[in-house]
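Chain and residue survey
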Amino acid sequence: SAFIGEIKSGQYKSLQKLIKGMAGKGMTMPTVVARLEHAKVLGTEAYAMMDVWGKMANFYQQVDVLTDFYKKNGDNKSAEDIDREAADITNRTNITYKRAAPIVKAAEKAGLTQFGTYFYEVFRSQVGNVRQGIDEYKRALEAKTSEAKNAMLLQATKRLVGQGSLWAIAAYVSTALG
């Protein structure tokens, strides 16, 4: 063709070598499409796992807080007991479908809403965070040692200030958007 005639002999040979090399590696259009579809699935799964990663991080942070508190308080708790308590706190303070009210789940199954459980859970988890912060504050006041009291006060403060900050930012953004 006229185009190939314009390419110098060396460039043409390099181009042929590249095409042969690609063909030998199975880089056909169906292979490219299959790899792109695979990448899409991986991306979707990675996005879905962010929720799990967040909950795992919360769980392990809660285990560390409880372990530190009980040690400083002179309490003897097994690792299994601490794990159970941390798991319960994590479930109370994070969005989780299984804790949604049955009526909200029923409305979603009936097709009345697609996001009812999500909105319910966002509200429930925020209230759960405040309640957990208050419980942590009460626990700090009942601690046997000042070290344990300070450790739990720090946790309660982080939780309550974090939730309050979220509400303040949400109010600001809502006002700014009109």
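You'll find the structure just up there.
Everything in this summary refers to the structure shown in the same document.

What counts, and where the lines are drawn
Residues numbered from 1 in each chain as written. Predicted model: local features only at pLDDT ≥ 70, side-chain atom pairs only at ≥ 80, totals over all residues. Heavy atoms only, no water. Helix = DSSP H or I, 4+ residues; strand = E, 2+ residues; numbered from the N terminus. Buried < 20%, exposed > 50% of the residue type's maximum accessible area, 1.4 Å probe, protein only. Polar contact = N/O pair within 3.5 Å; in protein donor to acceptor, adjacent residues only side chain to side chain. Contact = heavy atoms within 4.5 Å. Phe/Tyr/Trp six-rings, centres within 6.5 Å; stacked < 30°, edge-to-face > 60°. Lys NZ or Arg CZ within 6 Å of the ring centre and 35° of its normal. Patch = residues over 30% accessible without salt bridge, like charges linked within 9 Å, V, L, I, M, F, W, Y side chains within 5 Å. Areas by Shrake-Rupley, 256 points an atom, 1.4 Å probe, with all protein chains shown as cover. Salt bridge = Lys/Arg side-chain N within 4 Å of Asp/Glu carboxyl O.

So, about the side chain of Arg159. Topologically, Arg159 is positioned in helix 7 (residues 146–177). Looking at Arg159, the relative accessible area reads 14%, which means it is buried. In terms of polar contacts, Arg159 uses its side chain to reach the side chain of Gln62, at 2.9 Å. Within the structure, Arg159 has its side chain in polar contact with the side chain of Asn129 (distance 2.8 Å). The contacts of Arg159, once residues within four sequence positions are left out, are Gln62, Ile89, Thr93, Asn129, Gln132, Gly133 and Glu136.

Glancing now at the packing of aromatic side chains. Within this structure, the stated rule accounts for 3 aromatic pairs. Consider the rings of Tyr118 and Phe119, whose centres lie 5.7 Å apart with planes at 65°: the pair is edge-to-face. Classification of Phe119 as exposed rests on a relative accessible area of 56%. Positioned above the aromatic ring of Tyr97 is the side chain of Lys105, whose terminal nitrogen or guanidinium carbon lies 4.9 Å from the ring centre.

Turning our eyes to something else, we now look at a nonpolar patch on the surface. Together, Tyr47, Met49, Met50, Val52, Trp53, Met56 and Tyr60 make up an exposed nonpolar region whose accessible area comes to about 760 Å². Inspection of the secondary structure assignment puts Val52 in helix 3 (residues 29–73). By relative accessible area, Val52 is classed as partly exposed at 32%.

This part covers the environment of Lys138. Tracing the sequence through the fold places Lys138 in helix 6 (residues 116–141). Between the alpha carbons of Lys138 and Met152 there is a distance of 9.0 Å; along the sequence they are 14 residues apart.

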